[in-house]
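# An overview of the molecular structure
Okay, here's what each chain looks like letter by letter:
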Amino acid sequence: MKQALILGCSHALGSEMWKSPRSIIEEEDPWEIKDGYGLARCYPALIAKELGYESNNRAIAGGSNDAMFRILEESRLQPPDIVIACWSGGNRTEIYNDEDQEWVPLSVGNKVNDEYTEYLKQWVSWVNTSEQSRINKMKNIYSLNALAKTRKLKVININSFWPVANVKWGTDMYWPVADDFYRWCEDRNFARTEWGHFFEDAHRAFAEYVIKAIG
């Protein structure tokens, strides 16, 4: 089956969806079960399924647009058939830990090890300004779409939240809807968790909205 690479943050993972009143998952259940509930029901997975693709969900809780570009670049050895890019807030980034050989997501409110706390404070104070966040998100969007084009990959661009204001994307960059997931669901009074994550009904409704726009 053809594969859709899903990139994004916790909204693209369906984080906390297991807390829905419709779910029978309990607090003490393992995280594999909790995460699996959202992975199958998040809006990009529903879009991929409707379009005939199997989901390879590489979204990261607290993930950044920087991570989205990196993951697509790393996928060159196992290229997908399509990319569903669920763009996150511009005020996030990641840092590479050479010792552990892993990327660490950094965002306000994200829990990090003590060794990163001071760096995160400095980054928030001096780098995480509104204009720098805006420019960084734009760079990632343009870069990811350009990289995908060199690999003949179609990209479905969707904002999970924090859309870039006052920019007109090129006609070769595909955005089926202008609305971002968070605001669209908020405007329709869908219930959400304390951390701002929406449940299955919101994801399903937004997925149907996007699929209708794709046609």
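Placed above this text is the structure.
Residues numbered from 1 in each chain as written. Predicted model: local features only at pLDDT ≥ 70, side-chain atom pairs only at ≥ 80, totals over all residues. Heavy atoms only, no water.

### Topic: the overall build of the protein
Within the protein, the regular secondary structure consists of 8 helices and 6 strands. When its helices and strands are written in sequence order, the protein yields β-α-α-α-β-α-β-β-β-α-α-β-α-α. Taken along its principal axes, the extent of the C-alpha atoms in the protein is 45 × 40 × 35 Å. Here the protein holds 215 residues, and 47% of them are scored as buried. Contacts spanning at least 24 positions in sequence make up 68% of the contacts within the protein whose residues lie at least 6 apart. Roughly 11,900 Å² of accessible area belongs to the protein as shown, and the carbon and sulfur atoms make up 49% of that amount. Each charge class in the protein can be summarised by its mean position, and for the 25 positive and 31 negative side chains these summaries are 9 Å apart. (Helix = DSSP H or I, 4+ residues; strand = E, 2+ residues; numbered from the N terminus. Buried < 20%, exposed > 50% of the residue type's maximum accessible area, 1.4 Å probe, protein only. Contact = heavy atoms within 4.5 Å. Areas by Shrake-Rupley, 256 points an atom, 1.4 Å probe, with all protein chains shown as cover. Lys, Arg positive; Asp, Glu negative; His and termini not counted. Charge placed at Lys NZ, Arg CZ, Asp CG, Glu CD.)

### Regarding the side chain of Lys34
Position of Lys34 relative to the elements: it lies in helix H2 (residues 31-41). For Lys34, a relative accessible area of 3% puts it in the buried group.

### Quick notes on a negative patch on the surface
Together, Glu99, Asp100, Glu102 and Glu115 make up a negatively charged patch on the protein surface. Within the secondary structure, Glu99 sits in the loop between strand E4 (92-97) and strand E5 (102-107). Using a relative accessible area of 74% as the deciding quantity, one classes Glu99 as exposed. (Patch = residues over 30% accessible without salt bridge, like charges linked within 9 Å, V, L, I, M, F, W, Y side chains within 5 Å. Salt bridge = Lys/Arg side-chain N within 4 Å of Asp/Glu carboxyl O.)

### Some points on the pattern of salt bridges
A side chain of one charge can pair with a side chain of the opposite charge when the charged atoms of the two come close. Inspection of the entire model under this criterion finds 11 salt bridges. Here Glu27 makes a salt bridge to Lys34, at a shortest N to O gap of 3.8 Å. Across the salt bridge formed by Arg76 and Glu73, the nearest N and O atoms sit 3.0 Å from each other. The class of Glu73 is partly exposed, set by a relative accessible area of 30%. One continuous salt-bridge network, built from bridges that share partners, spans Arg41, Glu200 and Arg204.

### Quick notes on the sheet that holds strand E3 (residues 82-87)
Within the open sheet, the 4 strands sit side by side as E2-E1-E3-E6. Their pairing is parallel. The sheet is open, and its two borders are formed by strand E2 (54-57) and strand E6 (154-159), each paired with just one other strand. On average, each strand axis in the sheet is tilted by 20 degrees relative to the strand beside it, whichever way the strands run. Bridge count for E3 against E6 is 6 bridges, and the pairing is parallel. Residue pairing in the sheet places Ala85 in a bridge with Asn157 of E6. (Pairing = 2+ DSSP bridges. Axes fitted to C-alpha atoms, helices over the stretch in contact; angles between N-to-C directions.)

### Section: the nonpolar core
Tyr43, Ile47, Ile84, Ile158, Cys185, Phe190 and Phe206 are the most contacted members of the largest nonpolar core, which has 27 residues in total. For this core, the secondary-structure elements that each account for two or more residues are strand E1 (3-7), helix H1 (10-13), helix H3 (43-50), E3, E6, helix H7 (181-187) and helix H8 (200-214). Looking at which element gives the most residues to this core, the answer is H8, with 5 residues. Those residues in contact with Cys185, other than ones at most four positions away along the chain, are Phe190, Phe198 and Ala202. (Core = buried A, V, L, I, M, F, W, Y, C linked by side-chain atoms within 4.5 Å.)

### Here's the deal with the packing of aromatic side chains
The tally for this structure, following the rule as stated, stands at 13 aromatic pairs. Their ring planes at 85 degrees and their centres at 5.7 Å tell us that Phe181 and Phe198 sit as a pair that is edge-to-face. Of this pair, Phe181 sits in helix H7 while Phe198 sits in the loop between H7 and H8, placing them 17 residues apart in sequence. The pair Phe181 / Phe198 is uniform in exposure class, with both members buried. Three or more aromatic residues joined by ring pairs form one cluster here, namely Tyr43, Phe181, Tyr182, Trp184, Phe190, Phe198, Phe206 and Tyr209. Geometry around Tyr37 places Arg41 over its ring, the cationic atom sitting 3.9 Å from the centre. (Phe/Tyr/Trp six-rings, centres within 6.5 Å; stacked < 30°, edge-to-face > 60°. Lys NZ or Arg CZ within 6 Å of the ring centre and 35° of its normal.)

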